[in-house]
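# Summary of the model geometry
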Amino acid sequence: MSIRDKIPHIPEIHVESNLNLLLRRAKENRTVDIEEYETTGGYSALRKALNKFSPEDIVVLVEESTLRGRGGAGFPTGRKWRFALMNPPPRYLVCNADESEPGTFKDRIIIERDPHLLLEGMIIAGYALGAKEGYIYIRGEYPAGYLILENAINEAKERGYLGKNILGTDFSFDIKVYRGAGAYICGEETALLESLEGKRGHPRLRPPYPAQSGLYGKPTVVNNVETLSNIPIIITYEAYFMNIGPAGFYGPKLFPVSGKVEKPGVYEATMDITLRELIEMAGGVKGGKQVKAVFAGALGIYREDELDMPMDYSPKGFGGTGTTIVLDEDDCVIDALLVVTQFFHHESCGKCTPCRVGTYEQHQILKKLKEGKATKEEVNYLKHLSQNIPANSICGLGFSAPNAVSDALKKFSEEIEAHLKGECPVCFNRGD
Amino acid sequence: MKYKYLTEDIIQKIEECRGRFPLKEQCIIPALHHILDKHRDIVPEAVIELSDYLKVPVSHIEGIVTFYDMFRHRKNAKNHIRICRNLPCHLANFHSLLEKIKEKTGADVGRSSSDGLWYIELVECIGSCGIAPAFLVNDDLYDGSKIKTEEDLEKILSKYR
Ligand SMILES: Cc1cc2nc3c(=O)[nH]c(=O)nc-3n(C[C@H](O)[C@H](O)[C@H](O)COP(=O)(O)O)c2cc1C
Ligand code: SF4
Ligand code: FES
């Protein structure tokens, strides 16, 4: 009996890849068990890591790989590990599986379909960091993923990949899964650590950084699911990893594409892909329509004429989680902003007043704007808030919450004008 | 103290949790999940029992119940339907799905149906935007775009009556 028979229902999510690295085994809607994982080369990277490399060798390989964190910020993984290694043990590894950013559904594919890939990456990372324990913090709304991970951990323990003296070496490592309970802010790494310690998920002030003082006050590396799943690939390919993708942004990347495309789903590609190509990979805009706007990476908004930028972490790239939400010519940007601002207001943890109140005020003004009742002064106030909220907040939610609003003010001024006059063809003809 | 909500099986799970995690506070969220699974709601008495059992102040547990969206005090129905309202699901017209579900169940957003079977909540992105509009019935996830007719919906809901 497969674990899938014992867990909650998960419908098929479309997945496509021509790289076959992260999604090598994850194309079908099923869970790869340890048997299949091993026969398709699984855990050979761990074996290689333990037999051939010292922890230091692995850190160097990860540094050289230029791997960037896939959780949103794009921070170089090797540098993060190096920073943690500067602090004395015990050290902890925490996998961020909170995945709650609107439009993001990539990590769940790895967790639900190829959980051992993540575990293998974590075990190698644990070895490199000299950690004895790793935690996976998974969002509460992924009950199936939780059970799949627990099951995979038991499978790995039975075969000696986890637990005491892994594969006969003197390296011991354990992984524990912890469920969240519905709070976007718990994806922010310091809020996650608070939550993991059994508290409300309020972000911590930095410094100290988690690499200095994280879980239980000890040096901690927090990495995204996709980041850690890249580790076995780096160990397997070594220098050949630098053949995958463009210089400086090597490695496979997952792109969750949703909204008005023919085939919403998760696409694996290298980071030289442009947003336009990615939309084409997803079958193009639904019904052959035009792109009105794309909400991508930390929910910035992009216009049709910006679609040729690459999906990498360079200053002009899209970066972020790879999230891509497509709006077509029949959608209204202000209407979409209304959804986004209510989300940030709802998810603000409330610790910083500018974030807690500012996101609400933005939402209220946009509501009036959508109804054609806002004034020019109020729109100016939106701009003021877009600068003020990030300037006076302590965490990434406050820093990025107004991104979409400030992008809209800059790039979609015609739409704003039309709403000020009560003339948006989308909103006012539809009558909502 | 005699426990009504912390039943034997839940206590056993809390003990398992205690064996795994070093801090007793780390058992609060797992325990609340177990209470929610079994009793559907986290009533104040259950919080007091948990506080007594773990020797953690009631205020700390209350702080958690009120912070995390999945936990709730309200008396809800047998089945909890969570419909996503975030951007990709908004673009996929979750409103129309909501109307269908409201009509079929007799429940409304934040209000249980009179037969006590259904409760509807609008939630933020549930990481399923590739199957928008997405919704959860208890722990089961569904692809709202596959629901074209009343029968499609009935086929799903009938599993939970
Ligand atoms: C509000 C907020 C939510 C976040 N949510 C997630 C998340 O769900 N998953 C994730 O991996 N990172 C999330 N992050 C980023 C984490 O704080 C952190 O940078 C990341 O886990 C580091 O992993 P990486 O270096 O592998 O990318 C979030 C950040 C913020 C500010
Ligand atoms: S910026 Fe917002 S979410 Fe972050 S700590 Fe402040 S109030 Fe909380
Ligand atoms: S927006 Fe609805 S599941 Fe992501």
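## Re the overall build of chain B
Counting its secondary structure elements, chain B contains seven helices and four strands. C-alpha atoms of chain B, sized along the principal axes, occupy 50 × 30 × 25 Å. Every one of the 161 residues in chain B was classed for burial, and the buried ones make up 56%. Restricting to contacts in chain B with at least 6 residues of sequence separation, those with at least 24 account for 61%. A distance of 1 Å separates the average location of the 24 positive side-chain charges in chain B from that of its 25 negative side-chain charges.

## Focus on helix α2 (residues 28-39) of chain B
The α-helix winds at 3.6 residues per turn, so residues separated by three or four positions along the chain end up facing the same way. Here α2(B) contains 12 residues, and its C-alpha end-to-end distance of 16 Å stays within 8% of the 16 Å for a straight helix at 1.5 Å per residue. Burial within α2(B) is extensive, with nine of its 12 residues counted as buried. Of all the positions in α2(B), only I28(B), I29(B), P30(B), A31(B), L32(B), H33(B), I35(B), L36(B) and H39(B) are classed as buried. Where α2(B) is buried, its residues contact β4 (174-179) and α8 (189-196) of chain A together with α1 (8-20), α3 (44-54) and α4 (58-67) of chain B. Of the residues one or two after α2(B), R40(B) is the one with positive phi, at around 75 degrees.

## Considerations on the site of ligand 1
Residue and element names in this part refer to chain A. Close to ligand 1 lie 18 residues; G71, K80, N96, N224 and T227 are nearest. E189 places a polar main-chain atom, nitrogen or oxygen, 3.0 Å from an oxygen atom of ligand 1. V222 is positioned with one of its backbone polar atoms (N or O) 3.5 Å from an oxygen atom of ligand 1. Burial of ligand 1 by the protein chains amounts to 90% of its free accessible area of 610 Å². Every element with two or more residues in the shell around ligand 1 is listed here: β5 (220-224) and α15 (396-400). No other element matches β5, which puts three residues into the shell around ligand 1. Looking at the shell around ligand 1, its residues break down into three nonpolar, nine polar and six charged.

## Some thoughts on the pairing of β4(A)
Residue and element names in this part refer to chain A. The element β4 is largely enclosed, with a buried count of five among its six residues. Across six bridges, strand β3 (residues 131-138) lies against β4 in parallel orientation. Within the sheet, the bridge partner assigned to I136 lies in β4 and is V177. Note that the unit made of β3, helix α7 (residues 143-158) and β4 has a crossover that is right-handed.

## Regarding a nonpolar patch on the surface
Residue and element names in this part refer to chain B. A surface patch of nonpolar side chains, about 270 Å² in accessible area, is lined by M1, I48 and V58. Looking at the element boundaries, M1 is found in the segment before α1. When its relative accessible area of 60% is taken as the criterion, M1 is described as exposed.

## A few points about the sheet that holds strand β6 (residues 253-259) of chain A
Residue and element names in this part refer to chain A. In spatial order, the strands read β1-β7-β6-β10-β8-β9; together these six strands make up an open sheet with mixed pairing. Strands at the two margins of the open sheet, each flanked by one partner only, are β1 (15-17) and β9 (300-303). In this sheet, neighbouring strand axes are inclined to one another by 25 degrees on average, regardless of whether the strands run parallel or antiparallel. Docked against the sheet, helix α16 (residues 403-411) engages β8 (291-296) and β9, running at close to 25 degrees with respect to β9.

## Some points on the domain arrangement of chain B
Considered domain by domain, chain B is made up of domain 1 (8-67) and domain 2 (79-158). Distance from the C-alpha centre of domain 1 of chain B to the C-alpha centre of domain 2 of chain B: 29 Å.

Conventions used here
- Residues numbered from 1 in each chain as written.
- Chains lettered and ligands numbered in written order.
- Predicted model: local features only at pLDDT ≥ 70, side-chain atom pairs only at ≥ 80, totals over all residues.
- Heavy atoms only, no water.
- Helix = DSSP H or I, 4+ residues; strand = E, 2+ residues; numbered from the N terminus.
- Buried < 20%, exposed > 50% of the residue type's maximum accessible area, 1.4 Å probe, protein only.
- Contact = heavy atoms within 4.5 Å.
- Lys, Arg positive; Asp, Glu negative; His and termini not counted.
- Charge placed at Lys NZ, Arg CZ, Asp CG, Glu CD.
- Expected span 1.5 Å × (residues − 1).
- Near = heavy atom within 4 Å.
- Polar contact = N/O pair within 3.5 Å; in protein donor to acceptor, adjacent residues only side chain to side chain.
- Areas by Shrake-Rupley, 256 points an atom, 1.4 Å probe, with all protein chains shown as cover.
- Nonpolar A, V, L, I, M, F, W, Y, C, P; charged D, E, K, R; others polar.
- Pairing = 2+ DSSP bridges.
- Right-handed = clockwise from strand over helix to strand, strands pointing away.
- Patch = residues over 30% accessible without salt bridge, like charges linked within 9 Å, V, L, I, M, F, W, Y side chains within 5 Å.
- Salt bridge = Lys/Arg side-chain N within 4 Å of Asp/Glu carboxyl O.
- Axes fitted to C-alpha atoms, helices over the stretch in contact; angles between N-to-C directions.
- Domains from an automatic or database assignment.

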